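# Topology and contacts: notes
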Amino acid sequence: MTFDVDTQHRITLNERNWDARTPIHVQSEFYGLGTRDPQGWIAPFEWEALGGLDGVDVAHLQCHLGVETMALAQAGAHVVGLDISARSVEQAAGAARAAGLDIEYAKADVYDAVGALGADRFDIVYTGKGSLCYLPDLSGWADVVTGLLRPGGFVYIVEFHPLLTAFGANADPDDPMGLTIRQDYLEGRGAIEHDSSHTYTDGPALEADTVHYEWPHGVGEVVTALLGAGLVLDDLAELDVLPWPRWPSMTRTDYGWWHIGTGAQPRVPTLYALRARKTG
């Protein structure tokens, strides 16, 4: 897919930013490579939606360090992970080997995934948890997803809700619950520039390439893009759980994630889960 010069430059800066993040993330307690069970990165509601994975062909797009990729492989799937960051792919492949998992990884922009991985090859395309915000064009992405899937296959997206993103990455010290809109929920005004010396994990500061760009995408835009690419919506759910505690008031679930619960804080969606199928 061809973008204008400014958009392509932003994608290139994002690639460099992810390359710079990777060695920090590899050593972080947040990801816990080699110490944290990859299964914990996929919630019970995800396993239920994915169904039996033994022998199933799965593509994990924008896989970064491949923690969910490894979990899917542990469940019996034949998994391919794809990411734009060469450093991420290298580290993900090393982590898979250390865990004794046979996972194929490819370094490519997600818009080039059909050429990199093959058309009509997969039963499931899995993606999310901070992926779609790095995509400037959802219609083109949805066409890629459709191209990867076999007839009868489905895409499963578990993504941070755009309302959570609109609250901003960090709580205001004067508003610790963080329920103040600071960024766009809806698409349409282009990329948002972020320049931060630290990532979302623990660890040291980035040495360089601190700038990255994110594109807001409302839930309606995501659904419309998938429908426009010929997929049929199976299910869409909004949830109040996260893999990490965004607010101090969140409580831990029995499977290790965090949810808003029944306290004084308003219940708002923090994730959404979507499944859409390619008809035969």
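These lines cover the structure that appears in this document, whether it is placed above or below. (Residues numbered from 1 in each chain as written. Predicted model: local features only at pLDDT ≥ 70, side-chain atom pairs only at ≥ 80, totals over all residues. Heavy atoms only, no water.)

Counting 40 residues, the largest nonpolar core has Leu50, Val58, Leu72, Tyr105 and Tyr156 as the members making the most contacts within it. Looking at this core, the elements with two or more residues in it are helix H2 (44-50), helix H3 (67-74), helix H4 (86-98), strand E4 (122-128), strand E5 (149-160), helix H7 (162-167), strand E9 (241-242) and strand E12 (271-278). In contact with Val58, other than residues within four places in its own chain, are Leu72, Ala77, His78, Val79, Val80, Phe122, Ile124 and Tyr126. Ala59, Phe122, Leu149 and Ala276 belong to the second-largest nonpolar core, a separate cluster that totals 39 residues. (Core = buried A, V, L, I, M, F, W, Y, C linked by side-chain atoms within 4.5 Å. Buried < 20%, exposed > 50% of the residue type's maximum accessible area, 1.4 Å probe, protein only. Helix = DSSP H or I, 4+ residues; strand = E, 2+ residues; numbered from the N terminus. Contact = heavy atoms within 4.5 Å.)

A few words now on the side chain of Asn17. Structurally, Asn17 is set in helix H1 (residues 5-27). From its side chain, Asn17 meets the backbone oxygen of Asp209 in a polar contact 2.8 Å long. Not counting residues within four places of it along the chain, the set of residues in contact with Asn17 comprises Leu206, Asp209, Thr210, Val211 and His212. (Polar contact = N/O pair within 3.5 Å; in protein donor to acceptor, adjacent residues only side chain to side chain.)

Time to look at the packing of helix H6 (residues 138-148) against helix H8 (residues 219-228). With their axes 8 Å apart at the nearest point, H6 and H8 run at an angle of 45 degrees to one another. One way to sum up the angle between H6 and H8 is to call them oblique. Crossing of H6 against H8: the hand is right-handed. Seen from H6, the contacting residues are Leu138, Ser139, Trp141 and Ala142; seen from H8, they are Glu221, Val222, Ala225 and Leu226. (Axes fitted to C-alpha atoms, helices over the stretch in contact; angles between N-to-C directions. Parallel < 35°, antiparallel > 145°, perpendicular 65-115°, else oblique. Left-handed = near helix turned anticlockwise from the far one by under 90°.)

Take the sheet that holds E4 next. The mixed open sheet is built from seven strands, whose spatial order is E3-E2-E1-E4-E5-E12-E8. With partners counted over all chains shown, the strands left at the sheet margins are strand E3 (104-107) and strand E8 (231-239), one partner each. Pairs of neighbouring strands in the sheet enclose a mean axial angle of 15 degrees, with direction left out of account. The pairing of strand E1 (residues 57-61) with E4 spans three bridges and is parallel. By the bridge assignment, Val58 is partnered in E4 with Ile124. (Pairing = 2+ DSSP bridges.)

Close approach of charged atoms lets side chains of opposite charge pair. Tallied over the entire structure, the rule returns eleven salt bridges. We note a salt bridge from Lys278 to Asp120, for which the minimum N-O separation is 3.0 Å. Of this pair, Lys278 sits in strand E12 while Asp120 sits in the loop between helix H5 (113-117) and E4; the two residues are 158 residues apart in sequence, bridging distant segments of the chain. Across the salt bridge formed by Asp234 and Arg277, the nearest N and O atoms sit 3.0 Å from each other. Taken as a pair, Asp234 in strand E8 and Arg277 in strand E12 lie far apart in primary sequence, 43 residues in all. Taking relative accessible area as the criterion, Asp234 reaches 34% and is therefore assigned partly exposed. Taking the relative accessible area as the measure of exposure, Arg277 reaches 29% and is therefore partly exposed. Each member of the salt-bridge network shares a partner with another, and the members are Glu46, Glu68 and Lys129. (Salt bridge = Lys/Arg side-chain N within 4 Å of Asp/Glu carboxyl O.)

Let us look at the sheet that holds strand E10 (residues 251-252). Strand order in the open sheet made by the three strands is E9-E11-E10, with antiparallel pairing throughout. The open sheet has two free edges, formed respectively by E9 and E10, since each of these has just one partner strand.

Enumeration over the complete set of coordinates arrives at 13 aromatic pairs. Judged by centre distance (5.1 Å) and plane angle (70 degrees), the rings of Phe3 and Tyr111 are edge-to-face. Within this pair, whereas Phe3 is found in the segment before H1, its partner Tyr111 is found in the loop between E3 and H5, the two being separated by 108 residues in sequence. Judged by relative accessible area, Phe3 falls into the buried class, the value being 17%. What makes Tyr111 buried here is its relative accessible area of 8%. Look at Phe30 and Tyr31: their rings are 5.1 Å apart centre to centre, the planes differ by 80 degrees, and that puts the pair in the edge-to-face class. Each member of the pair, Phe30 together with Tyr31, is buried. An aromatic cluster is built from Trp18, Phe30, Tyr31, Trp41, Tyr134 and Tyr200, whose rings are joined through pairwise contacts. Just above the ring of Tyr213 sits the side chain of Arg10; from NZ or CZ to the centre is 5.3 Å. Residue placement shows Arg21 over the ring face of Trp18; its charged tip is 4.2 Å from the ring centre. (Phe/Tyr/Trp six-rings, centres within 6.5 Å; stacked < 30°, edge-to-face > 60°. Lys NZ or Arg CZ within 6 Å of the ring centre and 35° of its normal.)

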